[in-house]
Amino acid sequence: MQNKLPFSKYFVIGVMLFALFFGAGNLIFPASLGQNAGSQIWMAIAGFLITGIGLPFLGILAMGFSGSKNLQELSSRVHPIYGVIFTALLYLTIGPFFAAPRTGAVAYDIGIAPFVGKSHGHIGLFIFTLIFFVVTLWFSLNPAKIVDNVGKILSPAIIILILVLLFMVIVKPLGPIGAPQETYSSGAFLKGFMEGYNTMDALASLVFGIIVINAIRSMGVTSARGVLITSAKSGLVAVVFLGIIYAGVAYLGATSTGRFGLFDTGGPVLGKAAYYYFGTLGTVMLSVIIILACLTTSIGLVTACGEYFHSLLPKLNYKAWVVFFSLVCFAISNFGLSNIINFSIPVLMFLYPLAVVLMLLTFTSKLFKHAQMVYVTAITVTLLISIIDGFKTLCQLLNIEYFSWLAPIIEFYNRALPFYEDGLGWLIPVLIVIFVTGLLIRIPKFSEVRS
């Protein structure tokens, strides 16, 4: 047994973690943020990095610190039924409802749309995503090492291509950074913070954490302290790579507005920048790499969801789940990238606070002796706030008035909860609840509610 590894091992695990988190779809969010933030880019990217890479890093550490075998076991500390529901919702969000369909839409927007034009947009998207998810289905039904091998080649290829592109942006900027859009003219940091939710990496970290921990243990590190330290050091490698690429792509977006105009999503920014610097060859290279990278991500997500739901409901075999999820991905992907991103926001406003609070409870669990009462009360308070945030965001997205029962609750939360308008209304109440219940649990008459 060893508890310390050479740097080369940390680096290998860190690169693996980077590859797990970083998908082609993640490029579109910092590009869009840069376009909209303009001169407020650095404040916005600072907020983005906290939720885009900071929370995923904490998620990995939380899984290592918890000692749990998987997310369902960890979230079952609240209640076994909650563990199943939360884990299932998380898999559906990073799988067939949003992240997996987004891979097809991103691949089309970056890899195909520049060559077919807007006049064939809907037909082109339909045909491409049909082929895309048929291939996803085939590989998901017939798992093969070729997918992993292609993924290992594509991740470095994307990194190299993007770094070359970013080098050109620094040497020869696309243009001056303009004024920020209205939504970023004030509160750019908090706006960037909320935009980081879109990567969904904090949610995914609660699933990926087990992969990293198993890799660490396979190298001979088995003690809880050793696993945690190795996870932290390896996570820093991934965080540095992600941070450089996110900041660089955001800067690219900020310099592109004057030359290319403002886009609904960040997808076209990369394609047009590749063409500007490297011509048709650059656009083709970017398209091929992005499509293949999105495909490997799609296969991985559909496979993971199929395996989880088969384990949850074994009466329906794995192949049936994969066919079902592939069909759902195909259908949702045809709503277009912009709609997929927009309609994911209410769900993320609901799920992210629950995920973050679960991480917080994991790190502080020893302080309150792992008492279930603290888990239940903290998650309940979070749920009461985050579900309202989800409905509020949905109403804003649909541009409709708040439901009659919703308006007074939002008004009350606005008055009573610090940072509620910034999407962080759950933070202070949860900290208070953890502190108070953590003290109560030490009183003898509460001892029977300890887990």
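Participant: Please set out empty space enclosed by the protein residue by residue, giving values where relevant.
Facilitator: Scanning the entire structure with this criterion turns up one cavity of 30 Å³ or more. Quantified by volume, the largest cavity comes out at close to 50 Å³. For the lining of the largest cavity, the secondary-structure elements that each account for two or more residues are α1 (7-21), α3 (41-66) and α11 (224-260). When residues in the lining of the largest cavity are grouped by element, the largest group, four residues, is from α11. Looking at side-chain class alone, the lining of the largest cavity contains eight nonpolar, one polar and no charged residues.

Participant: So what's going on with the layout of surface pockets? Which residues, and what values?
Facilitator: It is the rolling of a water-molecule-sized probe over the atoms that shows where space remains empty. In this model, the second largest pocket occupies a volume close to 1000 Å³. Around the second largest pocket, the lining is made up of 33 residues, and of these T183, K191, M194, E195 and I345 lie nearest the centre. Breaking the lining of the second largest pocket down by element, the ones donating at least two residues are α2 (28-37), α9 (188-195), α14 (337-364) and α15 (372-398). By residue number, the principal contributor to the lining of the second largest pocket is α14, which donates six residues. For the lining of the second largest pocket, a count of residues per class yields 14 nonpolar, 13 polar and six charged.

Participant: An account of the packing of helix α10 (residues 201-218) against α14 is needed here, citing residue identities and associated values.
Facilitator: Orientation of α10 relative to α14, taken along the N-to-C sense of each, is 45°, at an axis distance of 9 Å. Relative to α14, α10 is oriented oblique. Both α10 and α14 take part in a crossing whose hand is left-handed. From α10, D201, A202, L203, S205 and L206 reach across to α14, where they touch L348, L351, Y352, A355 and M359. Of the residues that constitute the contact of α10 with α14, the class distribution is eight nonpolar, one polar and one charged.

Participant: Which residues make up the packing of helix α5 (residues 80-97) against α10, and what are the values?
Facilitator: Running from amino to carboxyl end, α5 crosses α10 at an angle of 115°, the nearest separation of the two axes being 10 Å. When the interaxial angle is binned, α5 and α10 end up roughly perpendicular. Regarding α5 and α10, the two cross each other, and that crossing is left-handed. Facing α5, whose interface residues are F86, L90, Y91, T93 and I94, α10 presents L203, A204, L206 and V207. Here the contact of α5 with α10 is built from residues that sort into eight nonpolar, one polar and no charged.

Participant: Lay out the nonpolar core in plain terms, naming residues and giving numbers.
Facilitator: Counting residues in hydrophobic clusters, the biggest one holds 141 residues, and the most contacted among them are L27, F86 and L361. L27 has contacts with F22, I158, I162, I245, V249, L270 and I290, leaving out every residue within four places of it along the chain.

Participant: Pulling in residues and values, what's your account of a nonpolar patch on the surface?
Facilitator: A cluster of nonpolar side chains, F343, L383, I387, F391, L398, I400, F403 and W405, forms an exposed patch at the surface whose accessible area comes to about 650 Å². With four residues, α15 is the largest single contributor of residues to the nonpolar patch. Looking at the element boundaries, I387 is found in helix α15. Of the residues examined, I387 reaches a relative accessible area of 35% and is grouped as partly exposed.

Basis of the calculations
Residues numbered from 1 in each chain as written. Predicted model: local features only at pLDDT ≥ 70, side-chain atom pairs only at ≥ 80, totals over all residues. Heavy atoms only, no water. 1 Å grid on protein atoms, 1.4 Å probe; cavity = no way out; pocket = protein on both sides within 12 Å on 5 of 7 lines; lining within 4 Å. Points joined across faces, edges and corners; volume = space filled by probe spheres on them. Helix = DSSP H or I, 4+ residues; strand = E, 2+ residues; numbered from the N terminus. Nonpolar A, V, L, I, M, F, W, Y, C, P; charged D, E, K, R; others polar. Axes fitted to C-alpha atoms, helices over the stretch in contact; angles between N-to-C directions. Parallel < 35°, antiparallel > 145°, perpendicular 65-115°, else oblique. Left-handed = near helix turned anticlockwise from the far one by under 90°. Contact = heavy atoms within 4.5 Å. Core = buried A, V, L, I, M, F, W, Y, C linked by side-chain atoms within 4.5 Å. Buried < 20%, exposed > 50% of the residue type's maximum accessible area, 1.4 Å probe, protein only. Patch = residues over 30% accessible without salt bridge, like charges linked within 9 Å, V, L, I, M, F, W, Y side chains within 5 Å. Areas by Shrake-Rupley, 256 points an atom, 1.4 Å probe, with all protein chains shown as cover. Salt bridge = Lys/Arg side-chain N within 4 Å of Asp/Glu carboxyl O.

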